[in-house]
Amino acid sequence: MPQLFFQYGVMNSGKTIEILKVAHNYEAQHRQVALMTSGLDDRSGTGVIASRIGLSRKAVPIDHDFDLFKYIEEKDQKEDFACVLIDEAQFLTKQQVLACAKIVDDLHIPVMAFGLKNDFQNHLFEGSQYLLLYADKIEEMKTICFFCTRKATMNLRVHEGKPVYEGEQVQIGGNESYYPVCRWHYFHPGKETN
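Residues numbered from 1 in each chain as written. Predicted model: local features only at pLDDT ≥ 70, side-chain atom pairs only at ≥ 80, totals over all residues. Heavy atoms only, no water.

Caption draft 1: Here's a closer look at the overall build of the chain. Looking only at helices and strands, one finds five helices and eleven strands in the chain. The principal-axis extent of the C-alpha atoms belonging to the chain is close to 55 × 30 × 30 Å. Expressed as a percentage of its 194 residues, the buried residues of the chain come to 47%. Accessible surface, the chain: about 10,400 Å² in total, of which carbon and sulfur atoms supply 47%. (Helix = DSSP H or I, 4+ residues; strand = E, 2+ residues; numbered from the N terminus. Buried < 20%, exposed > 50% of the residue type's maximum accessible area, 1.4 Å probe, protein only. Areas by Shrake-Rupley, 256 points an atom, 1.4 Å probe, with all protein chains shown as cover.)

Caption draft 2: Representation of the packing of helix H3 (residues 94-107) against helix H4 (residues 126-134) in the model. Where H3 contacts H4, the two axes come as close as 8 Å, and the packing angle between them is 35°. Judged by the sense of rotation from one axis to the other, the crossing of H3 with H4 is right-handed. Counted together, Lys94, Val97 and Leu98 of H3 and Glu126, Gly127, Tyr130, Leu131 and Tyr134 of H4 form the full contact between these two elements. Here the contact of H3 with H4 is built from residues that sort into five nonpolar, one polar and two charged. (Axes fitted to C-alpha atoms, helices over the stretch in contact; angles between N-to-C directions. Left-handed = near helix turned anticlockwise from the far one by under 90°. Contact = heavy atoms within 4.5 Å. Nonpolar A, V, L, I, M, F, W, Y, C, P; charged D, E, K, R; others polar.)

Caption draft 3: Representation of the side chain of Thr16. Along the chain, the position of Thr16 falls in helix H1 (residues 15-28). The class of Thr16 is buried, set by a relative accessible area of 14%. Sequence-distant contacts of Thr16, that is, excluding residues within four places in its chain, are made with Ile49, Ala50, Ser51 and Asp87.

Caption draft 4: View of the sheet that holds strand E7 (residues 111-115). Taken in spatial order, the six strands of this open sheet run E5-E2-E6-E7-E1-E8, and their pairing is parallel. Since the sheet does not close on itself, it has two edges, and those belong to strand E5 (60-62) and strand E8 (137-140), each with one partner. Pairwise comparison of adjacent strand axes, ignoring direction, gives a mean angle of 20° for this sheet. Examined bridge by bridge, strand E1 (residues 4-8) and E8 share four bridges and lie parallel to one another. In the strand pairing of E8, Phe5 is matched with Lys137. (Pairing = 2+ DSSP bridges.)

Shown next as structure tokens:
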């Protein structure tokens, strides 16, 4: 039975490499996937899923007004999708998350969404909030803190190596802008753990 999956993790937890791996595994079995990503993340170009280790794939960009259900419903008639894969799912709107659930329930196509849970101020992103509510299966992807060996649970925004705790929720960036950190180092960046 198809399900809506949400795999979340902090920066550098391997979300993008995982989605590329899942796409590859489906395609190795000659099954079609709908590979999608947020139109906001243009670091490697709009509509590109790119991992920090150098792998990348073209994907359908999702902007704020994108009708996810309509797109999949129309394309599925030709493509016969085995799965819908969405990277940067934290940027989905509530309506797009509900569309993901409808794709699962009405079209019987599994949807796997990958993204951040919380922003640099530890607020839930809209997409993440509704994925946590509506997903059938939720899984955390783990990595270690930038400063120690504890599990990273937060994203610390930095500018020129100094922590930033205020600003716009969305600032697209990678290793130069965000560190995955444990709770202790979120509040005490760079200090020895107690």
